[in-house]
Amino acid sequence: MASIATEICGISMETCVFNAAGPADVTLEELEVIGKSKSSAITMKSCTLEAREGNPEPRYRDLAFGSINSMGLPNLGYRKYIEFVAALKKFGKPIIPSISGLTRQDNEIIFEAFNDSEADFIEFNPGSPNTIGKPTAGYDMQYVDELLTAALGISNKPVGIKLPPYFDFVHFEQAWKVLKKHDIKFISTINSVGNALVIDPEKEQTVIKPKGGFGGLGGQYIKPTALANVRKFYELSEGKTPIIGVGGVFTGVDAFEYILAGATAVQVGTAFLQHGPGVFERIQKELREYMDKKGYETLEDFRGKLKVIE
Ligand code: DHB
């Protein structure tokens, strides 16, 4: 049987498949479900300084090929997630807090507080498109530069960054120019495709309430965009920065495509929400089977080796 083990920030993981920040990872109860599942790590909901209720409902909708959400960062506040790190250690897998402070100062306080926790590594998420009244920070690279200088100056943990999708080669290059200045241990890409609009034609109405119906798209719709982002950052970093691919991973073959594009691991978001915690084991099994069929023994046999048509 093929091995799908991987390593991020020097931490070995039994498989390269685990949950994405966001879906069903707000409360300890939800996180314990992920702990008991075959998810190879426990990623927690992006947290802010204070607890937030999030945006008004309806704020999530399953779609034919994915999902749309405008949750608005509902979370219990960072102090709870520090407690949860300790409570989740018993599952024996890496625990990944996701930090989304609303200001630089908030991020500084939160990063400092996690220094005393047993979090394995931290995903810094400046990318939510859904905070009412705030632009998506990940599109303002000067601000990202400032945030990273602050966060990495304080944190004693390995820190990676979750990026919003970019769509133009110039923007990939501008992002990489800033990222490469910092000691970023991994890149998670992509966050949801922001400010999409889904319409119910019968009701002649939007399907979610916040922001006039505009929300972040996830699932199968976004896989090609996500693969492009993985590939570009793999190329720009010359394969030296681990990339965690996220966006529309529903099957083992999806995961395979991500590794082929250069990813070191994949996160599962919408598919976990739609299919429940058994999804991790199924994707892992399908990935192993697909590798067996191709005669690949480890992820390194094909990671990044995407062929292009000459
Ligand atoms: C939310 C959405 C995101 O895409 C994200 O990265 C963080 C938070 C949200 O709406 O809760």
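Everything that follows concerns the structure shown earlier in this document.
Residues numbered from 1 in each chain as written. Predicted model: local features only at pLDDT ≥ 70, side-chain atom pairs only at ≥ 80, totals over all residues. Heavy atoms only, no water.

Caption draft 1: Structural context of the pattern of salt bridges. Tallying each qualifying case throughout the model produces 16 salt bridges. Put simply, E50 and R79 hold a salt bridge, and the shortest N to O gap is 3.7 Å. Residue E50 is found in the loop between β4 (42-47) and β5 (60-63), and its partner R79 is found in helix α2 (residues 78-88); the two are separated by 29 residues along the sequence. For R79, a relative accessible area of 45% gives the class partly exposed. D120 is the partner of K89 in a salt bridge, and the nearest nitrogen-oxygen pair spans 3.2 Å. In this pair, K89 sits in the loop between α2 and β7 (95-99) while D120 sits in the loop between α3 (104-114) and β8 (122-124), placing the two residues 31 residues apart along the sequence. On the basis of relative accessibility, which here comes to 18%, the residue D120 falls in the buried class. Shared partners join several salt bridges into a network, and the residues in it are K223, D254 and E257. (Salt bridge = Lys/Arg side-chain N within 4 Å of Asp/Glu carboxyl O. Helix = DSSP H or I, 4+ residues; strand = E, 2+ residues; numbered from the N terminus. Buried < 20%, exposed > 50% of the residue type's maximum accessible area, 1.4 Å probe, protein only.)

Caption draft 2: Region of interest: helix α1 (residues 28-36). Here α1 has its buried residues at L31, I34 and G35. Projection of α1 onto a plane perpendicular to its axis shows the buried side chains occupying an angular sector of 105°, all on one side. Projecting away from the buried face of α1 at angles above 90 degrees are the exposed residues E29 and K36. Elements that come into contact with the buried residues of α1 comprise β3 (17-19), β4, α2 and α8 (270-275). (Arc of directions from axis to C-beta. Contact = heavy atoms within 4.5 Å.)

Caption draft 3: Molecular detail of the sheet that holds strand β10 (residues 187-189). Read across the open sheet, the eight strands follow the order β3-β16-β15-β10-β9-β8-β7-β4; overall the sheet is parallel. Single-partner strands in this sheet number two, and they are β3 and β4. Averaged over all adjacent pairs, the angle separating strand axes in this sheet is 25°, with direction ignored. In this structure, β3 lies alongside strand β16 (residues 265-268), joined through three bridges in parallel fashion. (Pairing = 2+ DSSP bridges. Axes fitted to C-alpha atoms, helices over the stretch in contact; angles between N-to-C directions.)

Caption draft 4: Molecular detail of the site of the ligand. In the vicinity of the ligand, the residues found are K45, N69, M71, G72, L73, P74, N125, S128, P129, N130, N191 and S192. Take G72: an N or O atom from its main chain is 2.7 Å from an oxygen atom of the ligand. Between the ligand and N191, the relevant distance is 2.6 Å, taken from an oxygen atom to a side-chain nitrogen or oxygen of the residue. Contact with the protein chains covers 92% of the free accessible surface of the ligand, which is 290 Å². Looking at side-chain class alone, the shell around the ligand contains four nonpolar, seven polar and one charged residues. (Near = heavy atom within 4 Å. Polar contact = N/O pair within 3.5 Å; in protein donor to acceptor, adjacent residues only side chain to side chain. Areas by Shrake-Rupley, 256 points an atom, 1.4 Å probe, with all protein chains shown as cover. Nonpolar A, V, L, I, M, F, W, Y, C, P; charged D, E, K, R; others polar.)

Caption draft 5: Layout of unusual backbone geometry. Note that the residue after E57, namely P58, is joined by a cis bond; omega there is 0°. Tracing the chain through its elements places P58 in the loop between β4 and β5. Look at the link from T189 to I190: it is a cis peptide, with omega at 15°. Examined against the element boundaries, I190 turns out to sit in the loop between β10 and β11 (193-197). The phi dihedral of L73 is positive, around 60°, even though this residue is not glycine. Within the secondary structure, L73 sits in the loop between β6 (66-69) and α2.

Caption draft 6: Fine view of the pairing of β4. In terms of burial, β4 is a largely internal element, six of the six residues being buried. Looking at chain direction, β4 and β7 are connected through four bridges and run parallel. Within β7, the position partnered with S46 by the bridge is S98.

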